[in-house]
Amino acid sequence: MSLAAARHATPSWLASDEAGTGRPWALLALDETTLPLVAGIERTTHDHPWGEGHFRDSIAAGYWCQLLVTPAQPDDPSAWADAPRLADGRLLLAYLVAMPGYRETHLLNITTVPLHRRQGCARLLLEALQAWSLWQDAECLWLEVRAGNQGARALYERQGFRQVGLRRGYYPADGAQREDAVVMSLPLLSALPQAQAQAEVGA
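None of these values were measured; they are calculated from a predicted model.

### Digging into the overall build of the protein chain
Of the regular secondary structure elements, the protein chain holds seven helices and seven strands. N-terminal to C-terminal, the α/β element order of the protein chain is α-α-β-α-α-β-β-β-α-β-α-β-β-α. Intrachain contacts of the protein chain at a sequence separation of at least 6 include 66% that bridge at least 24 residues. With an accessible surface of roughly 10,300 Å², the protein chain has 52% of that area assigned to carbon and sulfur atoms.

Structure representation (structure tokens):
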């Protein structure tokens, strides 16, 4: 697949990853009907969460606000009985908010529901973001991550992100201290072979 084709073809493989995870999943745009559910997860998952206003402003600004969802299945773990669900019964696995810019995309928020961590949900969202960004003619992905969040930094590095800077005292923390942000970048030209492989799997 050429770069031009990757940018302008609809990434159809975003609709399902059944071969990769053993179950179907889909992306769903965040809207006013799902906003309370997402805001509730945000409050219980992060020490310094986004408020509903942050998500609402992101939707209004046209940012890429996506939910990763999957149908409930009979053999789901019993612990998932109280997992967050949409009104139609689908499980909410994770969500992200990304801001498009000129030839770039900036990841602002990516969160996995605690019950669904270590199941590849964040990886799926990051791969979807890469494909969508190519489709939007972006050439680079950017993000900031807390310096002490080693798990997230390792995930981003596995996806091809590399540290390109450090922002001192960027994040609020307990007390008077603030935590540094590691700035990471992914040139999408280098990510194209992975996006191509994912497209072929989903074809």
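Now, onward.
### A word on the pattern of salt bridges
Taken as a whole, this structure holds eight salt bridges when the rule is applied. Across the pair E32 and R56 runs a salt bridge whose closest N-O atoms are separated by 2.9 Å. With E32 in the loop between β1 (26-29) and α3 (35-45) and R56 in helix α4 (residues 52-60), this residue pair connects regions lying 24 residues apart in the sequence. Residue class for E32 comes out partly exposed when judged on its relative accessible area of 47%. Here E139 and R103 are joined by a salt bridge, their closest N and O atoms 3.9 Å apart. With a gap of 36 residues between them, E139 in the loop between α5 (121-135) and β5 (140-146) and R103 in the loop between β3 (91-101) and β4 (104-112) connect regions that are remote in the sequence. One network of salt bridges, in which partners are shared, links E32, E52 and R56.

### With respect to helix α6 (residues 150-158)
For α6, the complete set of buried residues consists of A152, R153, L155 and Y156. Down the axis of α6, the sector holding all buried residues measures 160°, keeping them to one side. Exposed positions of α6 whose direction lies more than 90 degrees from the buried face are Q150, G151 and R158. The inward-facing, buried residues of α6 abut β4, α5, β5, β6 (162-172) and β7 (178-187). Looking one or two residues beyond α6, the residue adopting positive phi is G160, at roughly 105°.

### Considerations on α5
With 15 residues, α5 ought to run about 21 Å at 1.5 Å a step, and its terminal C-alpha atoms sit 21 Å apart, in line with that. Within α5, 13 of the 15 residues are buried, which leaves the element mostly enclosed by the surrounding structure.

### A word on the nonpolar core
Grouped together as the largest cluster of nonpolar side chains are 33 residues, with contacts concentrated most on L68, L96, L107, I110, L129 and Y156. Where this core is concerned, the elements lending two or more residues are β2 (64-70), β3, β4, α5, β5, α6 and β7. Tallying contributions element by element places α5 first for this core, with nine residues. If you look at the next biggest cluster of nonpolar residues, it comprises 14 residues, including L30, L35, V38 and V69.

### A word on the side chain of Q66
Relative to the helices and strands, Q66 resides in strand β2. With residues near it in sequence (within four places) discarded, Q66 still touches L27, L28, A29, L30, A94, Y95 and L96.

### Section: the sheet that holds β1
Consider a sheet: its strands pair through backbone hydrogen bonds, and that pairing is either parallel or antiparallel. Strand order in the open sheet made by the seven strands is β1-β2-β3-β4-β5-β7-β6, with mixed pairing throughout. Looking at the sheet topology across the chains shown, the edges are occupied by β1 and β6. On average, each strand axis in the sheet is inclined to that of its neighbour by 30°, with strand direction left out of account. Pairing analysis gives seven bridges linking β5 to β7, with the strands arranged antiparallel. Directly across from R146, in β7, lies its bridge partner A181. Contacting β2, β3 and β4, α4 runs over the sheet at an angle of about 55° to β3. Against the sheet, α5 engages β1, β2, β3, β4, β5 and β7, with an angle of about 160° to β4.

### Regarding the side chain of T105
Mapped onto the fold, T105 is located in strand β4. Contacts of T105, omitting those with residues within four sequence positions, involve A98, M99, P100, L129, W132, S133, A138, C140, L141 and W142.

Cut-off values and rules
- Residues numbered from 1 in each chain as written.
- Predicted model: local features only at pLDDT ≥ 70, side-chain atom pairs only at ≥ 80, totals over all residues.
- Heavy atoms only, no water.
- Helix = DSSP H or I, 4+ residues; strand = E, 2+ residues; numbered from the N terminus.
- Contact = heavy atoms within 4.5 Å.
- Areas by Shrake-Rupley, 256 points an atom, 1.4 Å probe, with all protein chains shown as cover.
- Salt bridge = Lys/Arg side-chain N within 4 Å of Asp/Glu carboxyl O.
- Buried < 20%, exposed > 50% of the residue type's maximum accessible area, 1.4 Å probe, protein only.
- Arc of directions from axis to C-beta.
- Expected span 1.5 Å × (residues − 1).
- Core = buried A, V, L, I, M, F, W, Y, C linked by side-chain atoms within 4.5 Å.
- Pairing = 2+ DSSP bridges.
- Axes fitted to C-alpha atoms, helices over the stretch in contact; angles between N-to-C directions.

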